[in-house]
Amino acid sequence: MPDLRRSILIAVSMVALAPAGAPAAMADNASGALDVRMKAELSRLQSEQHHLEGQLAMAHEIAKLQSHINQMRQELLQSLQHSNGYSRHLSSRTPNPSLSRTTEPVPPVYAQVQPQPEAMANRTTNEPLSPINAEAPRSSSGETEIQSGHVADARAHIEQQIEKLRAQLSTWVGGGVGSRARTGTTGLSRLNETNVNAAASTTLGNLGRLTVSASNVHLSAGGQPDAADAHLVGSAPAFGFVPNVTDRATGTGFSLLFARPDLQMDIGSTPTGFLEHGLTGGIAWQPGGGPLSLQADRRPVVDSLLSYAGMYDPYTGSNWGGVFANTVQIAAGAGQDPARYGSLSYAVLQGSHVAANHRWSVDGGLRWPVATGIPDEQVHVGINMLFMSYAKNLSFFTLGQGGYFSPQTFYRPSATVDWEGYMGAHAVWKLSGRLGWQTFQQSSSPYFPMDPALQAQASAVNHQYPYYPAQNVSSIAYAVTGQLAYLFAPQWLGTGWLRMDNSRNYQDTVAGVSLQYYFSPLSTPPAPDSLIKPWMTPQ
């Protein structure tokens with residue numbers, strides 16, 4: 001500004017001292033010089049204004065950053081209350097209900113993890129640290145004392161949460177192989193399954209995760225049934241001995257899954273090489289991530305080769321079996337210590353040339369957290385009660401029967417335990433167990449529930465009452481499930497699982513391994529509750 005005033009004075013002096021004949025020219029020259037100086041000064045002022053505006057914007061950003069740092073400091077101080085000598089409890093969140101493919105009711109969402117109001121499925125970064133009757137030590141000034149060891153523990157925990165989020169968001173491809181063995185009568189209720197799976201998964205921005213998979217499935221009933229058992233397959237009771245029974249099946253199934261925190265949807269098919277195959281799918285919704293979940297799905301009944309893949313009857317030249325359960329379920333839960341949960345479901349079961357059936361089930365229980373004193377471990381114990389009832393007993397293998405467990409009443413009270421955690425920086429594990437008592441009642445059932453003519457013919461041929469007898473059974477019920485994941489390299493995760501279950505009228509054993517490649521490097525495995533689900537494990 002002083003330079004500008006000096007320029008103006010010089011211009012005025014030049015005009016005043018100029019000869020009489022040149023005032024106009026001098027004035028014009030002075031005016032032109034003044035315009036140049038003024039334009040230069042204006043440009044400089046505009047540049048300074050832009051600079052100041054940038055400084056102001058930066059100041060606003062610094063203020064926001066400082067506020068964020070203060071918030072993080074408060075969270076860090078809170079987390080320190082649970083490090084080195086103070087109980088640290090990681091509260092899990094409520095997942096979406098799993099879309100099970102078995103005839104037993106889908107476990108309610110609160111039967112698996114402790115609920116939180118902000119719970120969301122596959123969300124591993126929102127695990128608040130809850131104080132358990134403890135306060136952090138305070139100095140004479142009233143401020144929380146921060147020791148270097150506490151800070152290191154808290155920093156490690158925060159870094160672990162970041163890694164969990166990275167694993168959650170990473171694209172991955174993988175595959176695996178699994179085997180399932182179900183006890184039973186050779187050629188009929190026995191089932192051996194081998195499953196080779198390939199999958200790829202990625203996130204769609206902020207919308208959710210999309211996973212596509214294909215599974216090649218081979219089923220075997222263990223061979224041909226003996227002569228006595230073969231008389232109770234297909235239409236044999238009405239016509240005589242069946243020379244060849246369908247005892248194996250092979251096919252490839254596909255599925256497409258979309259999942260987000262409060263919603264899961266999938267569509268797929270049972271293996272297309274099976275005699276009977278069809279579409280599968282489902283939707284599970286947890287409004288607002290809250291305590292209520294709603295689910296509807298269509299799943300194959302995988303109890304036997306007949307119920308899963310279908311069989312061929314040489315006398316009538318027709319296939320039968322391939323049963324699907326079309327289920328709706330509502331589940332809810334509340335509380336933390338204990339967590340209370342319950343579910344109610346209704347299913348319509350239908351198959352090709354199989355009598356229609358209906359199922360009601362009620363499941364509920366309580367779960368308590370158990371403090372272990374070990375960071376990054378969670379233990380829950382609980383009690384559970386399952387009741388279910390089918391309208392018809394269609395457990396057998398003649399035409400019209402479905403070959404799946406379908407008692408008229410089934411009760412199973414049990415005690416449960418769940419234990420999960422990390423082993424070092426590269427391994428994560430989950431263990432679950434159930435021990436209780438089961439009792440069920442099955443009514444007598446006609447050989448041919450859909451064909452009165454064959455039923456009458458079976459009575460004339462065999463000169464006996466053509467009904468399967470009723471039965472009442474009580475026994476110990478147990479289930480043990482284990483899963484271990486190990487990070488071999490920053491982008492390679494291996495998983496193995498094992499499950500043994502004698503619930504219902506058979507014993508099921510499942511084992512398998514899988515390998516996943518993550519496009520984003522990981523420093524720790526995913527959280528236990530976000531591991532890849534064993535795709536062929538009955539729940």
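Here, every reference points to the structure presented above.
Residues numbered from 1 in each chain as written. Predicted model: local features only at pLDDT ≥ 70, side-chain atom pairs only at ≥ 80, totals over all residues. Heavy atoms only, no water.

Draft legend 1. Region of interest: the side chain of Thr-280. Following the sequence through the fold, Thr-280 ends up in strand β6 (residues 279-285). Not counting residues within four places of it along the chain, the set of residues in contact with Thr-280 comprises Asp-266, Ile-267, Gly-268, Ser-269, Thr-270, Arg-298, Arg-299, Pro-300 and Phe-324. (Helix = DSSP H or I, 4+ residues; strand = E, 2+ residues; numbered from the N terminus. Contact = heavy atoms within 4.5 Å.)

Draft legend 2. Representation of the nonpolar core. Ranked by internal contacts, the top residues of the largest apolar core, which has 41 residues, are Leu-219, Phe-274, Met-311, Trp-320, Leu-349, Tyr-404 and Phe-448. Counting only elements with at least two residues in this core, the list comes to β3 (209-220), α5 (236-239), α6 (305-309), β9 (318-334), β10 (339-352), β11 (354-370), β12 (377-390) and α7 (452-462). With four residues, α6 is the largest single contributor of residues to this core. Beyond its immediate sequence surroundings of up to four residues, Phe-448 is in contact with Gly-234, Ser-235, Pro-237, Ala-238, Thr-398, Leu-399, Leu-454, Gln-455 and Ala-458. (Core = buried A, V, L, I, M, F, W, Y, C linked by side-chain atoms within 4.5 Å. Buried < 20%, exposed > 50% of the residue type's maximum accessible area, 1.4 Å probe, protein only.)

Draft legend 3. Spatial organisation of the packing of aromatic side chains. Per the stated rule, a full pass over the model turns up 15 aromatic pairs. An aromatic cluster is defined as three or more aromatic residues linked by ring pairs; in this entry it consists of Phe-396, Tyr-447 and Tyr-468. The positively charged end of Arg-182 is found above the aromatic ring belonging to Tyr-506, 3.6 Å away from the centroid. Its guanidinium or amino end placed over the ring of Phe-324, Arg-298 lies 4.0 Å from that ring's centre, counting from NZ or CZ. (Phe/Tyr/Trp six-rings, centres within 6.5 Å; stacked < 30°, edge-to-face > 60°. Lys NZ or Arg CZ within 6 Å of the ring centre and 35° of its normal.)

Draft legend 4. Broad picture of the pairing of β3. With twelve bridges connecting them, strand β2 (residues 191-203) and β3 associate as antiparallel partners. Counterpart to Asn-197 in the pairing with β3 is Ser-215. Between β2 and β3, which pair antiparallel in sequence order, lie five residues; one of them, Gly-205, sits at a positive phi of approximately 60°. Note: β3 against strand β4 (residues 248-260), twelve bridges, orientation antiparallel. Paired with Val-217 across the bridge in β4 is Gly-251. (Pairing = 2+ DSSP bridges.)

Draft legend 5. Seen up close, the side chain of Asp-501. Mapped onto the elements, Asp-501 comes out in strand β18 (residues 492-501). Side-chain polar atoms of Asp-501 contact the side chain of Arg-499, separated by 2.9 Å. Setting aside anything within four residues of it in sequence, one finds Asp-501 in contact with Arg-434, Tyr-478, Ala-479, Tyr-506, Gln-507 and Asp-508. (Polar contact = N/O pair within 3.5 Å; in protein donor to acceptor, adjacent residues only side chain to side chain.)

Draft legend 6. The environment of Ile-476, seen in detail. With respect to the helices and strands, Ile-476 occurs in strand β17 (residues 471-489). The sequence separation of Ile-476 and Gln-438 amounts to 38 residues, and the corresponding C-alpha distance is 6.1 Å.

Draft legend 7. Region of the structure containing the pairing of β17. Inspection of the sheet shows strand β14 (residues 427-442) paired to β17 by 16 bridges, in the antiparallel sense. Following the sheet pairing, Leu-435 is matched in β17 by Tyr-478. Examined bridge by bridge, β17 and β18 share ten bridges and lie antiparallel to one another. The residue of β18 that forms the bridge with Ala-485 is Thr-495. What sits between the antiparallel neighbours β17 and β18 is a turn of two residues.

Draft legend 8. Just unusual backbone geometry, in detail. Here the amide bond leading from Asp-337 into Pro-338 is cis, since omega sits at 10°, within 30 degrees of zero. By the element assignment, Pro-338 lies in the loop between β9 and β10. For His-353, which is not glycine, the phi torsion reads 55° and is therefore positive. Of note, His-353 is situated in the loop between β10 and β11. Classification of His-353 by relative accessible area gives partly exposed; the value is 48%.

As far as function goes, none of this settles anything; it's purely spatial.
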